[in-house]
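Fold and geometry: a report
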Amino acid sequence: TQDVRFLEDRLRFAGSEAELRANLAEFEGSIVAARVIGVDSVNPHQSIVIDKGGLDGVTKDMAVCDRNGSLVGRTIAPVGLKEAMVQLVTDKDSSVSVKSVVDGLTGSMTGRSAGVCDLRYVLASAAGGKEGEELRTTGYDKIYPAGIRVGVIRSIDKDEASPIFRRIVVHPYFRFDTIDVVAVLTKGPGGGG
């Protein structure tokens, strides 16, 4: 029975890895598939631990995506030989340069250490941006390659605290409750290639 469970687990991982590679085909040759082996128990929206590290070519500041090709976060120091910590895009200390797909609205997405993020530094006078519009990475931050799906704009309001900016809430695509396998992108910005 233990052997059966082990084999079932390996088959599930192989299926997840195949799905991950198919959804990130444009990055083929620079993907390290990893399992999530730990979650920050104090604040689960800040970081996860994966089972790949320096021996697998993983270093600090590499983009990490879920099985659907959506951005999860980036690897952060320290990176061990066989494991690495990933700062999630939902962490309040994260920052990702993003752009809306239709209107080209650009800003810096930061987490709230909850299930949503804020799109910051968007001037109230900036044109474009609609609820439901998709956001993708710009590559400007030199960590995340351009074009990775990040999430959708959930709401746009006036920022009462700072009237020169808009208050934009973003719903990230990655699902925290179902994340089990991720892809570390080892080439491109942040990947050294």
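Located above this text is the structure these notes cover.
Below: a short report on this structure. (Residues numbered from 1 in each chain as written. Predicted model: local features only at pLDDT ≥ 70, side-chain atom pairs only at ≥ 80, totals over all residues. Heavy atoms only, no water.)

**A closer look at the overall build of the chain**
Helix and strand counts for the chain stand at one helix and 12 strands. Along its sequence from the N terminus, the chain presents helices and strands in the succession α-β-β-β-β-β-β-β-β-β-β-β-β. Here the chain holds 193 residues, and the buried ones make up 46% of them. Considering only residue pairs separated by 6 or more positions, the chain has 57% of its internal contacts joining residues 24 or more positions apart. Only carbon and sulfur atoms are counted for the fraction: they give 54% of the accessible area of the chain, which is about 9600 Å². (Helix = DSSP H or I, 4+ residues; strand = E, 2+ residues; numbered from the N terminus. Buried < 20%, exposed > 50% of the residue type's maximum accessible area, 1.4 Å probe, protein only. Contact = heavy atoms within 4.5 Å. Areas by Shrake-Rupley, 256 points an atom, 1.4 Å probe, with all protein chains shown as cover.)

**Examining the layout of surface pockets**
As a volume, the largest pocket reaches approximately 180 Å³. Lining of the largest pocket is provided by Asp 118, Leu 119, Arg 120, Tyr 121, Asp 159, Ser 162, Phe 165, Arg 166, Arg 167 and Ile 168. Put simply, the parts of the chain that give the lining of the largest pocket at least two residues each are β8 (117-120) and β11 (166-172). Classifying every residue of the lining of the largest pocket by side-chain character gives four nonpolar, one polar and five charged. (1 Å grid on protein atoms, 1.4 Å probe; cavity = no way out; pocket = protein on both sides within 12 Å on 5 of 7 lines; lining within 4 Å. Points joined across faces, edges and corners; volume = space filled by probe spheres on them. Nonpolar A, V, L, I, M, F, W, Y, C, P; charged D, E, K, R; others polar.)

**Brief notes about the packing of aromatic side chains**
Counted under the stated rule, the structure contains one aromatic pair. Taken together, a centroid distance of 6.1 Å and an interplanar angle of 80 degrees make the contact between Tyr 121 and Phe 165 edge-to-face. Residue Tyr 121 is located in the loop between β8 and β9 (134-137), and its partner Phe 165 is located in the loop between β10 (149-158) and β11; the two are separated by 44 residues in the primary sequence. A relative accessible area of 59% places Tyr 121 in the exposed class. Look at Phe 165 and you get partly exposed, because its relative accessible area is 23%. (Phe/Tyr/Trp six-rings, centres within 6.5 Å; stacked < 30°, edge-to-face > 60°.)

**A word on the nonpolar core**
One finds Ile 50, Leu 71, Val 72, Met 109, Leu 119 and Ile 168 to be the most contacted residues of the largest nonpolar core, which totals 39 residues. Setting aside chain neighbours within four positions, we find Leu 71 in contact with Ala 63, Val 64, Cys 65, Val 89, Val 96, Thr 137, Tyr 144, Ile 148, Arg 149, Val 150 and Phe 174. (Core = buried A, V, L, I, M, F, W, Y, C linked by side-chain atoms within 4.5 Å.)

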